[in-house]
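# Structure assessment
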Amino acid sequence: MRHFCSLLLLFALASPAFATDHRVELAKALGLDEKICEDPHIKWSDTYREAKALFLADKFEKLNQRLDGFPPLENWAGVEAAWVPVIFDMLAQNGQLEGRAMRWFRATPKSPHAHLALGMGWINEAWKARGEGFANTVSEESWKIWREKLSKARKAIRNALKLNPDHPVAHAKRLHLDRCQSTDREESRAHFKDSLERVPTYFKIHEEALWIAQPRWGGSWEEVWETMALIKAKLPSHPSYLKALYYAHNFKAESLGGHPDHAAAKRTYFRKPEIQALFRELAASARETVPTSAIPANIEFELGKQVGASKSVMSRLTLEMARKGSVHWQIGWAKGALFRDRAGRARLRPADVKQAYRFLFLAIAQGKQQAWQIADKDLIGGNIREPKRPKAAYHLCRVLGELGSRYWNGLAIELLRNGVGVERDEKAALAEHRRGAKAGDRFAQYHYGLILFGRPKASDRKAGIRHLERAAAQGHPSTLHVLSEIRLGLHWAEAKDLEEADRWIGECERLKLPAAGGLRKRYEDVKAGRPPARR
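Residues numbered from 1 in each chain as written. Predicted model: local features only at pLDDT ≥ 70, side-chain atom pairs only at ≥ 80, totals over all residues. Heavy atoms only, no water.

## So, the packing of helix 25 (residues 442-453) against helix 27 (residues 477-487)
Between helix 25 and helix 27, the least distance of the axes is 10 Å, while the angle of their chain directions is 30°. With respect to helix 27, the axis of helix 25 lies roughly parallel. Considering only the axes of helix 25 and helix 27, their crossing is left-handed. Only P477, S478, T479, V482 and I486 of helix 27 make contact with helix 25, whose side of the interface consists of R442, Y446, L450 and F453. Residues of the contact of helix 25 with helix 27, tallied by class, amount to six nonpolar, two polar and one charged. (Axes fitted to C-alpha atoms, helices over the stretch in contact; angles between N-to-C directions. Helix = DSSP H or I, 4+ residues; strand = E, 2+ residues; numbered from the N terminus. Parallel < 35°, antiparallel > 145°, perpendicular 65-115°, else oblique. Left-handed = near helix turned anticlockwise from the far one by under 90°. Contact = heavy atoms within 4.5 Å. Nonpolar A, V, L, I, M, F, W, Y, C, P; charged D, E, K, R; others polar.)

## Points about the nonpolar core
By size, the foremost hydrophobic cluster in this structure holds 55 residues, and its most contacted members are M228, L242, F270 and F279. In terms of residue count, the dominant contributor to this core is helix 13 (residues 239-255) (eight residues). Aside from chain neighbours lying at most four places away, what touches F270 is Y246, H249, N250, A253, I275, Q276, F279, L303, Q306 and V307. Counting 50 residues, the second-largest nonpolar core is a separate cluster that includes V353, A365, V399 and L400. (Core = buried A, V, L, I, M, F, W, Y, C linked by side-chain atoms within 4.5 Å. Buried < 20%, exposed > 50% of the residue type's maximum accessible area, 1.4 Å probe, protein only.)

## Thoughts on helix 23 (residues 406-418)
Across its 13 residues, helix 23 extends 18 Å between first and last C-alpha, which sits within 8% of the 18 Å expected from 1.5 Å per residue. Within helix 23, 10 of the 13 residues are buried, leaving the element largely enclosed by the surrounding structure. Listed as buried for helix 23 are W408, N409, G410, L411, A412, I413, E414, L415, L416 and R417. Considering only its buried residues, helix 23 is in contact with helix 21 (369-380), helix 22 (390-402), helix 24 (426-438) and helix 25. The first or second residue beyond helix 23 is G419, which carries a positive phi of 70°. (Expected span 1.5 Å × (residues − 1).)

## So, the pattern of salt bridges
Oppositely charged side chains can form a pair if their charged atoms are brought close together. Inspection of every chain in the model, using the stated rule, returns 35 salt bridges. In this structure, D460 engages R455 in a salt bridge whose closest nitrogen and oxygen atoms are separated by 4.0 Å. The network of salt bridges with shared partners includes D166, R174, D194 and R198. (Salt bridge = Lys/Arg side-chain N within 4 Å of Asp/Glu carboxyl O.)

## Examining the environment of L513
Examined against the element boundaries, L513 turns out to sit in the loop between helix 28 (498-510) and helix 29 (516-527). Taking the C-alpha atoms as reference, L513 lies 8.6 Å from H481; in sequence the two are 32 residues apart. In this structure, L513 is in contact with P477, L480 and C508, ignoring residues within four places of it in sequence.

## Considering the confidence of the model for the protein
Counting all residues, the mean pLDDT for the protein is 86, and 88% of those residues have values of 70 or more. Predicted confidence in the protein is weakest over helix 1 (residues 4-14), with a mean pLDDT of 45, and strongest over helix 12 (residues 221-234), with 96. In the model, residues 1-20 has pLDDT below 50 throughout and makes 35 contacts with residues more than four positions away in sequence or in other chains. pLDDT under 50 marks residues 73-83. Its contacts with residues more than four places away, or in other chains, come to 30 contacts. (pLDDT = per-residue confidence, 0-100.)

## Overview of the packing of aromatic side chains
The description of two aromatic rings rests on the distance between their centres and on the angle between their planes. Scanning the model with the defined rule gives 15 aromatic pairs in all. Residues W143 and W146 carry aromatic rings whose centres are separated by 6.1 Å and whose planes lie at 80° to one another, so their mutual orientation is edge-to-face. Within this pair, W143 and its partner W146 are both found in helix 8 (residues 140-163), separated by three residues, close to a single helical turn. No difference in accessibility class separates W143 from W146, as the two residues are buried. Three or more aromatic residues link up through ring pairs in this structure, and these residues are F203, W211, Y247 and F251. It is R389 that lies over the ring of Y357; its NZ or CZ is 5.1 Å from the centre. Taking the ring centre of Y523 as reference, the NZ or CZ of R520 above it sits at 5.2 Å. (Phe/Tyr/Trp six-rings, centres within 6.5 Å; stacked < 30°, edge-to-face > 60°. Lys NZ or Arg CZ within 6 Å of the ring centre and 35° of its normal.)

See below:
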């Protein structure tokens, strides 16, 4: 039961045809080339989901092999290495330290990934104990826990680097610990130089070094610019240097404004002609160095906000970021194009519509729920029985089901059962619902229970009620509503049971479901022998 979702993900990702066919069909239904499914951002998000599924299923040997298979660091600039720290954050946060993460460590003690996840877990525990407030608001007991957890984290990160001296996330976390533990500045600077030699393009090491160098952490502005000089010497025209330089100037601008509102000071600082010229020149060279990186456009966009750049300039930059893989701007661009009013949509060129669907597809395939909502509104239109674009709607639901959403998986099976957007196959759909219901999937229990309850035989109806009760016990809102009505005897007199009805209506009230008030009124009517109020 508790591993159902991870096993579903493992099955989908381990079966190439099952995992990719619906993506390809969705792309075709949206008028896109199926090669879009080979986009590196999609592959990286697949890696994240596969790692999570392996981790939650305690398949640690395979997890280590998967993590070993990441692209070499020099290839990360195009994808900005976004998934790597996310994966390890996820592993640490889900680890429960004395539970799964510790089992991983014990099962594969020579894995740098296991040591790293454990170390990051201790760092998370330390911050949880300390809180986000100012130092003078932290209790002595919290400081004691903070120090203990960070000491354990230091040991784990040190072991990770011994096992893999070039692990980029371990290098970044070592510098993070230097900041948290106020490590001797010379030692910390030696750590940064070592990291810069081994993983020079990994931006997180630059960010941590800049935090350490700031006056608020015991450094100075001279130290900040010295840090930037080291990065520049290694990466004179790389996007990571451009981003680090922007961070350094941003820190400087904020220091001039006074806490907490830095906005006016930042605008004044970044409007200086020499600052604008510096970043324009560096952005141009960074684009030449790594043409796939969205960082130059992102920096120019941030500067544009400070100087009030024209709408056309900002639009050009957002489009560049979207084309180069920034999923945030892909979602924004797709939403802006697809949700215009009728006149605005009519003015869109076919190429713009195709671009919008391309961005929407990429965001969907990366598991971004904002994109799911946009697709729901555009492709389904609020009526799953009669979607706007049936074929696209069916494959969308299948893709989201493969991404781990049991809700969307249930809708896909219903579309299959009713022959909407796909050739009807009631037998196959029923078998899928049955498997899911037996595995404890509350959405499958809801759909399967309704199907059985809709049959004329009393034995089928009673079996349907049992499935509905299992879904309701898991807090499925629609099931609670339906089951309350069934137990009131509104759909089948033989199922009437006012004690059970009171129980399920109570659950609706506890969860503050919109229908709870109406159900309670109908319960009172039935109990008093009056005709129940209409919905």
